[in-house]
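So the chains spell out like this:
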Amino acid sequence: MKNIVVVNASPRKGWNTDTLLTHASRGAESEGATIQRFDLFRLEKYTGCISCFGCKKEKNKGHCICRDGLTPVLDAIRESDGLIIGSPNYLSEVSASFRALYERLIFQNLTYNVEHYCCNAHPVPVLFILTSNAPDTYYTGLVENYRQTLDRFVGPTDTLVCGDTLQLKDYSKTDWPWNLFDADAKKVRHENVFPKECEKAFQKGAELVRKSAGNV
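Residues numbered from 1 in each chain as written. Predicted model: local features only at pLDDT ≥ 70, side-chain atom pairs only at ≥ 80, totals over all residues. Heavy atoms only, no water.

Undergrad: Teacher, can you tell me more about the packing of aromatic side chains here?
TA: Any aromatic ring pair is given by two values, namely how distant the centres are and how the planes are angled relative to each other. Scanning the entire structure with this criterion turns up 11 aromatic pairs. Pairing Y102 with Y146 gives two aromatic rings, centres 4.8 Å apart and planes at 70°, and the pair type is edge-to-face. Of this pair, Y102 sits in helix α3 (residues 96-107) while Y146 sits in helix α4 (residues 140-153), and the two are 44 residues apart along the sequence. Between Y117 and F153, the aromatic rings sit 5.8 Å apart at their centres with planes inclined by 80°, giving edge-to-face as the arrangement. Highlighted residues: Y117 in the loop between α3 and β4 (126-131) and F153 in helix α4, separated in sequence by 36 residues. Through a chain of ring-to-ring contacts, the aromatic side chains of F98, Y102, F128 and Y146 assemble into a single cluster. The side chain of R12 reaches across the aromatic face of W15, ending 4.4 Å from its centre. Lying across the ring of F181, K186 places its NZ or CZ 5.0 Å from the centre. (Phe/Tyr/Trp six-rings, centres within 6.5 Å; stacked < 30°, edge-to-face > 60°. Helix = DSSP H or I, 4+ residues; strand = E, 2+ residues; numbered from the N terminus. Lys NZ or Arg CZ within 6 Å of the ring centre and 35° of its normal.)

Okay, here's the thing in structure tokens:
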């Protein structure tokens, strides 16, 4: 039985990123996998990489030695058969919580050695999900940069971008008009298109498990 780690880097329970991760998890479970989930905004206090270079010592190779709320997440990913990770887009980037984990996940495997630049002895397939209020085409470069780095230091990476998302159930209740976009159109899209994106997440979650089993 495959163990898949699912990481939610969004603070909003029940909304876009959380929902897509749930469907991807169900897809993984449909292939017989077990899910170990972490919600980064609900962990004990943690930081991004503190540049201590402890992971560059031979005895710690591939292991971040900073002990805090991210330690069990990093340990779980290291022992997993696959990683599903999702984040909303904040100001044309992933969330700060995603970045904190990303820095420590990648840097522990970076050797600064030309012949062997990565010391990850256990690559696993990755599904990276990004959600955004803006159209998904805005973030092609951003997503590709993360895909390439995750692919190089964690394992073969697939992506799913869900743009033009619904942010609020009722935009009329804001203190000032959010007239940068068409709120009614967003609601219609959420009702008609978002379910299809959830299905894509389900399929990609299932595919990730098949990849971890060497069947794809």
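Undergrad: Help me out: how do you make sense of α3 in this one?
TA: Along an α-helix, a turn takes 3.6 residues, which lines up residues three or four apart on a common side. Spanning 12 residues, α3 covers 16 Å between terminal C-alpha atoms, matching the ideal 16 Å at 1.5 Å per step. Of all 12 residues making up α3, nine are buried, and the element is well covered by its neighbours. Considered for burial, the residues of α3 that qualify are S97, F98, A100, L101, Y102, R104, L105, I106 and F107. The secondary structure elements touched by the buried residues of α3 are β1 (3-8), α2 (71-79), β3 (82-88), β4 and α4. (Expected span 1.5 Å × (residues − 1). Buried < 20%, exposed > 50% of the residue type's maximum accessible area, 1.4 Å probe, protein only. Contact = heavy atoms within 4.5 Å.)

Undergrad: Sorry, what's going on with the nonpolar core here?
TA: Note that soluble globular proteins tend to have their nonpolar side chains buried in a common cluster. Ranked by size, the top nonpolar core spans 34 residues in total, and within it L83 and F128 carry the most contacts. At the level of elements, β1, α2, β3, α3, β4 and α4 are the ones that each hand at least two residues to this core. Looking at this core element by element, the count peaks at six residues for α3. Filtering out sequence-adjacent residues up to four positions away, L83 remains in contact with V5, V7, I77, L105, V124, P125, V126, L127, V154 and L208. With 17 residues, the next largest nonpolar core counts A24, C162, C198 and V209 among its residues. (Core = buried A, V, L, I, M, F, W, Y, C linked by side-chain atoms within 4.5 Å.)

Spatial relationships are all this shows, so hold off on functional conclusions.
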